[in-house]
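One letter stands for each residue in the lines below.
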Amino acid sequence: MPSFLYCSECNNLLYPREDRSNPDVRTRSLMFACRNCDYQERADNQCVYRNEILHAPAEQTLLVQDLSTDPTLPRTRTRCAKCGHEEAVFFQAQGTGAEMKMTLYYICCNKACGHRWFS
């Protein structure tokens, strides 16, 4: 299991970086470098681990309770297909990938309903 490496000078996290001092691309080595100071150390293992956690927009809306009562979210007069209530809050998913379109997510303001949909 990978572990984190920390700078011995300023205690910040060390990040993997290619040693570009050698002009021959085939013999370059992996280094761990601090982004805060000039400290670098050679990696003893040539394997770099990357862990990406992606949440679907539907999962993100389930994380926060009572979004329909959030005063910072904009409201619109849109009819809910489930209960017929005339008001809903809406927001755009905070995705950064190219696969994320400009999709608006709506939540019914009827506390008994809470129906969620997107356009």
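Residues numbered from 1 in each chain as written. Predicted model: local features only at pLDDT ≥ 70, side-chain atom pairs only at ≥ 80, totals over all residues. Heavy atoms only, no water.

Where an unreviewed UniProt entry is consulted, the chain appears under the name DNA-directed RNA polymerase subunit, with the organism given as Entomortierella chlamydospora. Regarding the chain, the relevant UniProt record gives this comment under Function (unreviewed entry): "DNA-dependent RNA polymerase catalyzes the transcription of DNA into RNA using the four ribonucleoside triphosphates as substrates." What the UniProt record of the chain gives under Sequence similarities (unreviewed entry) is the line "Belongs to the archaeal rpoM/eukaryotic RPA12/RPB9/RPC11 RNA polymerase family." (UniProt positions renumbered as here; feature names shortened; annotations may be inferred.)

**Student:** So, the overall build of the chain: which residues are in play, and what are the values?
**Tutor:** A count of helices and strands for the chain gives one helix and seven strands. Tracing the chain from N to C terminus, the helices and strands come up as β-β-β-α-β-β-β-β. In the chain, 28% of the contacts between residues at least 6 apart in sequence involve partners at least 24 apart. (Helix = DSSP H or I, 4+ residues; strand = E, 2+ residues; numbered from the N terminus. Contact = heavy atoms within 4.5 Å.)

**Student:** Give a detailed account of the state of the cysteines, specifying residues and quantitative values.
**Tutor:** The final tally for this structure, using the stated rule, is zero disulfides. Among the cysteines around C34, which has no disulfide bond, C10 carries the closest sulfur, lying 3.4 Å off. Look at C34 and you get buried, because its relative accessible area is 4%. (Disulfide = S-S within 2.5 Å. Buried < 20%, exposed > 50% of the residue type's maximum accessible area, 1.4 Å probe, protein only.)

**Student:** Could you give an account of the sheet that holds strand 1 (residues 14-18), with specific residues and numbers?
**Tutor:** Taken in spatial order, the three strands make up an open sheet running 1-2-3, and their pairing is antiparallel. Two strands lie at the open edges of the sheet, namely strand 1 and strand 3 (40-42), each paired on one side alone. With strand direction ignored, the average angle separating the axes of adjacent strands in the sheet is 35°. Where strand 2 (residues 30-34) lies against strand 3, three bridges are found, and the strand directions are antiparallel. Residue pairing for strand 3: F32 is matched across the bridge by E41. (Pairing = 2+ DSSP bridges. Axes fitted to C-alpha atoms, helices over the stretch in contact; angles between N-to-C directions.)

**Student:** Go over the environment of C34 with me, naming the residues and quoting the values.
**Tutor:** By secondary structure assignment, the location of C34 is in strand 2. Each C-alpha atom of the pair C34 and C7 lies 6.1 Å from the other, and the pair is 27 residues apart in sequence. Filtering out sequence-adjacent residues up to four positions away, C34 remains in contact with C7, C10, N12, L13, L14, R17 and Y39.

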